[in-house]
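Okay, here's what each chain looks like letter by letter:
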Amino acid sequence: MLLVLGSVLGGLGLFFVGLKLLTENLKLLSGRRLREKVATWTRNPFLGVIWGGLFITITQSAAAATFILIGMLRAGMLTVQQILPILIGVNLIGGVIVLVLVFDVKLAVFLLLGVTGLIYSRDPSGALRPAAGAAFGVGMLFLGLNTTQAGIAPMAEMAWFKEALASSQGSYVLGFLLGAVFSFVVQSALAVVILSLAFLQADLFSLEQCVMIAYGAKVGSSVLTYFLSNSLRGESRQVAMFQVAFNLVGAVVLVPAFFVEIYTDIPLMMALAATFSGNESIQLGIVNLLFNAVPALLAFPCISLCTKVLSGYFPRSSEEELSRPQYLLEHTGDDPHNAMELIELEQTRLLGILSLSFEAMRAERDGRKMDNLKEAFGGLAEVIQEAMHDLSSHHQLSSALYDRLNAVLNIQRSLATANMEIQALAVQLAALRSSERGQRFARVAVDGIDAILMTLIDVAKEHNAIDAQLLEQMTSEDGMARVRKAYLAEDESMDATSRMQLLAAANHCERLIWLFGDTGQAYHALA
């Protein structure tokens, strides 16, 4: 029993470590330029399906692939209409992977691990290490699944398991529920389907029960994606809900068909799979593939219609518009000076998002608005950061341009810090608004700092000496003194808890004033 448990846990450990190794090395490979190429290549829906196969091979999880694609959507690399064929490929090629694993691939896995392991450890320059590490992770994924399959097999001979199996014999609903729960917990329907293949090969469950485990795994994956995407809005939600609907359509069609075939002997999916092979493992792989093929065949010819329906139910949010780049749409171009201008234009949009945060605080809305603006800022900031890295990595910069890039990078860091301070200030002001004095301080703080920010935006866009001088006066020690005066005016008449909240808010205000003044000087120096 301990050997079985050790084999299963060891196999799962190899699987998840391989997945982490694969993910970490792909981060080193998936720069902005690679994603731009993916965006170009996926304009053809058929190529999108092929790219979907690559995504599921890499991630081993439709839910993980879905959220990677959502990240690319937010970065402006892909549109919803480009992503839908990729998701179809994720599901369709996932079924093909299960069929491949029916056959003994251990030798190929060992060869892959050996070759990529040698490259990873012996590469003197390190240039091949990310690719070798990613391939080594793929090998560990398959080795882990193979180890788990081998470890489960002895359970068929254990008395306690035979008794438990006998009590559940013929319970197709139980198999469906097991598949759904396992898929939700391990966050990979593909892993659960492969596990059901191991159950079948070890004679632990019948073919029919394993089919229902596979069907349940698909539904469990959709439930997981639904919950993980619950906070998403707009186009991000459209992508997630397409993946949810994809599996649910398959379940709505094929689960009733399964029971019709079992209880009426009308030949349907099971019979179709049996015509291709008498091997039950291959039949399970074919039925699993058919589950993915049915919604794929329904959705692929109607990609445009699906996009329109999804946009109708989940329209693009205003925050989503803010997070999408307007100038760094495809690539920064071959001219580094032009690239630098585009980066600076995009960066000024971050200041606009900060100003919208003050509007949200002024309107006293719930925290969701602030969270959405924080997310929009983060999404756009990531695009800008990658563009700056791309500029420094792929261009030979002059001394003057390098100095300018360094200055813009420092501004980027200051804006990121300001965004964190604004979010923290919003929390403190929300607590202070429970009292009249706290509300008064909140109004003064928000109006005053927003006025400073609007002046900073003028400096960033116009590089005007008069605006820069005005900003310097507003962020001088006198500006700090006004915040302290507003703090002291309310402090004496508050209880201890409110005084601490007021002090924390005042500290955030002072740091923002200093940050905006310092950033204004940096922008003025760029003129």
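Use the structure listed above.
Structural notes, computed from the coordinates. Owing to the predicted nature of the structure, the values given are computational and were not obtained by experimental measurement. (Residues numbered from 1 in each chain as written. Predicted model: local features only at pLDDT ≥ 70, side-chain atom pairs only at ≥ 80, totals over all residues. Heavy atoms only, no water.)

**Examining the side chain of Thr116**
What counts here: Labels follow the DSSP assignment, with helices taken as runs of H or I lasting at least four residues and strands as runs of E lasting at least two, numbered in each case from the N terminus. Residues count as neighbours in contact if any of their non-hydrogen atoms are within 4.5 Å of one another.
Inspection of the secondary structure puts Thr116 in helix α6 (residues 106-122). Among all residues touching Thr116, those that are not within four sequence positions of it are Ala132, Ala135 and Phe136.

**A few points about the state of the cysteines**
Our working rule: Throughout, a disulfide means two cysteine sulfur atoms within 2.5 Å of one another. Exposure classes here rest on a 1.4 Å probe applied to the protein chains alone. A residue is buried below 20% of its type maximum, exposed above 50%, and partly exposed in between.
Overall, the coordinates contain zero disulfides when judged by the stated rule. Here Cys302 is not disulfide-linked; the sulfur of Cys306 is the nearest cysteine sulfur, at 5.9 Å. Note on Cys302: relative accessible area 30%, which makes it partly exposed.

**Observations regarding the nonpolar core**
Operational definition: What makes a nonpolar core is a set of buried Ala, Val, Leu, Ile, Met, Phe, Trp, Tyr and Cys residues whose side-chain atoms join them at distances within 4.5 Å.
Core analysis: the largest hydrophobic core is formed by 71 residues, its most contacted members being Val211, Tyr215 and Phe242. In terms of nonpolar packing, the next biggest core, distinct from the first, is built from 59 residues, Ala387, Val408, Ala445 and Leu456 among them.

**Quick look at empty space enclosed by the protein**
As a reminder of what qualifies: Detection works on a 1 Å grid of protein atoms alone, calling trapped sets that fit a 1.4 Å probe cavities and calling open sets with protein on both sides within 12 Å along at least five of seven lines pockets, with lining residues defined by an atom within 4 Å of a point. Grid points are joined across faces, edges and corners, and a volume is the space filled by probe spheres set on the points. In this count, Pro and Cys sit with the nonpolar residues alongside Ala, Val, Leu, Ile, Met, Phe, Trp and Tyr, while Asp, Glu, Lys and Arg are called charged and the others, Gly among them, polar.
For the structure on display, the rule yields three cavities of 30 Å³ or more. The computed volume of the largest cavity comes to approximately 100 Å³. Ile56, Ala62, Val90, Asn91, Gly94, Gly95, Ala189, Leu190, Lys218, Ser221, Asn247 and Asn292 are the residues that line the largest cavity. For the lining of the largest cavity, the elements supplying multiple residues, two or more each, are α5 (80-102), α10 (189-201) and α11 (207-228). Considering every element that reaches the lining of the largest cavity, the biggest residue donor is α5, with four residues. For the lining of the largest cavity, the per-class residue count stands at five nonpolar, six polar and one charged.

**A word on unusual backbone geometry**
Non-glycine residue Asp265 carries a positive phi angle of around 60°. Residue classification places Asp265 among the exposed residues on the basis of a relative accessible area of 67%. Here His463, not a glycine, exhibits a phi torsion of approximately 55°, which is positive. With respect to the secondary-structure elements, His463 resides in the loop between α20 (436-462) and α21 (465-474).

**A look at the environment of Gly139**
Within the secondary structure layout, Gly139 lies in helix α7 (residues 129-152). Counting along the chain gives 23 residues from Gly139 to Thr116, while the straight-line C-alpha distance between them is 8.9 Å. What Gly139 contacts, discounting residues up to four positions off in sequence, is Val109, Leu112 and Leu113.

**Considering a nonpolar patch on the surface**
Counted only if it meets this: Patch building starts from residues that exceed 30% relative accessible area and form no salt bridge, then joins like charges within 9 Å and nonpolar side chains (Val, Leu, Ile, Met, Phe, Trp, Tyr) within 5 Å. Accessible surface area values rest on a Shrake-Rupley calculation with a 1.4 Å probe, where residue burial reflects the displayed protein chains alone. Criterion for a salt bridge: a side-chain nitrogen of Lys or Arg within 4 Å of a carboxyl oxygen of Asp or Glu.
On the surface, Val181, Phe182, Phe184, Val185, Val223, Tyr226 and Phe227 cluster together to form a nonpolar patch covering roughly 630 Å² of accessible area. With four residues, the top contributor of residues to the nonpolar patch is helix α9 (residues 172-186). Within the secondary structure, Tyr226 sits in helix α11.

**Considerations on the pattern of salt bridges**
All told, the structure shown has six salt bridges when counted by the stated rule. The partner of Glu235 in a salt bridge is Arg316, with the nearest N and O atoms 2.5 Å apart. Within this pair, whereas Glu235 is found in helix α12 (residues 234-264), its partner Arg316 is found in the loop between α15 (303-313) and α16 (318-323), the two being separated by 81 residues in sequence. What makes Glu235 buried here is its relative accessible area of 10%. Measuring nitrogen to oxygen at the nearest pair gives 3.0 Å for the salt bridge that ties Arg362 to Asp447. Taken as a pair, Arg362 in helix α17 (residues 336-362) and Asp447 in helix α20 lie far apart in primary sequence, 85 residues in all. Taking the relative accessible area as the measure of exposure, Arg362 reaches 36% and is therefore partly exposed. Residue Asp447 is classed as partly exposed on the basis of its relative accessible area of 42%.

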